[in-house]
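# Reading the structure
These are the residues of each chain, in order.
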Amino acid sequence: ALVGKEGREERQREKRGFGMVRVLNTELPATKSVWVGLASVFGIGHSLGKHICSRLGFTHKMKVHELRPYQIAQIHRIVEEEQIPVGDTLRNIIKGNIDRLIQMRCYRGIRHQLKLPCRGQNTRSNTNTVKRARYY
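If you're wondering where the values come from, they're calculated on a predicted model, not measured in any experiment.

### As for the pairing of strand β1 (residues 20-23)
Only one face of β1 is covered, namely the one carrying Val 21 and Val 23; the face carrying Met 20 and Arg 22 has none of its residues buried. Sheet topology note: the β1/strand β2 (residues 26-29) ladder contains 4 bridges and is antiparallel. Residue pairing in the sheet places Val 23 in a bridge with Thr 26 of β2. Turn length for the β1-β2 hairpin, with the two strands adjacent in sequence and antiparallel, is 2 residues, and the turn residue Leu 24 shows positive phi of about 55°.

In structure tokens, the structure reads:
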């Protein structure tokens, strides 16, 4: 809460997008709408961002730089209440699932281990960069 010229300059920087707001261990762009900014958190998409905003009563035009500290705490509370895995927690879950497939030696696990597509895509002409990186 800077007063005078410094405070005015800081508010102008935030409005121009130079300020970043930290929510759920992710820097959100200050000029975006809250629901769009929440979508930049790993594990939260547009629909979940809209759901969180509507549950907290934010308008769809509310910007990230307008969030107050208690509102950021409310976002954290909702994510914890609904047990939504986000960020590093979700990454660890995904990595654990892939490691489990590799350990089982099932088809998908072997394809992951060889760094090839495991959902049936053709490999004759595509995935050449992946195959090249694997051999060199």
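The discussion continues.
### Quick look at unusual backbone geometry
Positive phi, close to 50°, is recorded for Gln 83, a residue that is not glycine. Inspection of the secondary structure assignment puts Gln 83 in the loop between α4 (69-81) and α5 (88-104).

### Some words on the confidence of the model for the protein
Here the protein shows a mean pLDDT of 86. Residues at 70 or above account for 82%. Averaged pLDDT values over the elements of the protein bottom out at 65 in helix α1 (residues 5-16) and peak at 96 in α5.

Here is what the cut-offs are and how they apply
- Residues numbered from 1 in each chain as written.
- Predicted model: local features only at pLDDT ≥ 70, side-chain atom pairs only at ≥ 80, totals over all residues.
- Heavy atoms only, no water.
- Buried < 20%, exposed > 50% of the residue type's maximum accessible area, 1.4 Å probe, protein only.
- Helix = DSSP H or I, 4+ residues; strand = E, 2+ residues; numbered from the N terminus.
- Pairing = 2+ DSSP bridges.
- pLDDT = per-residue confidence, 0-100.

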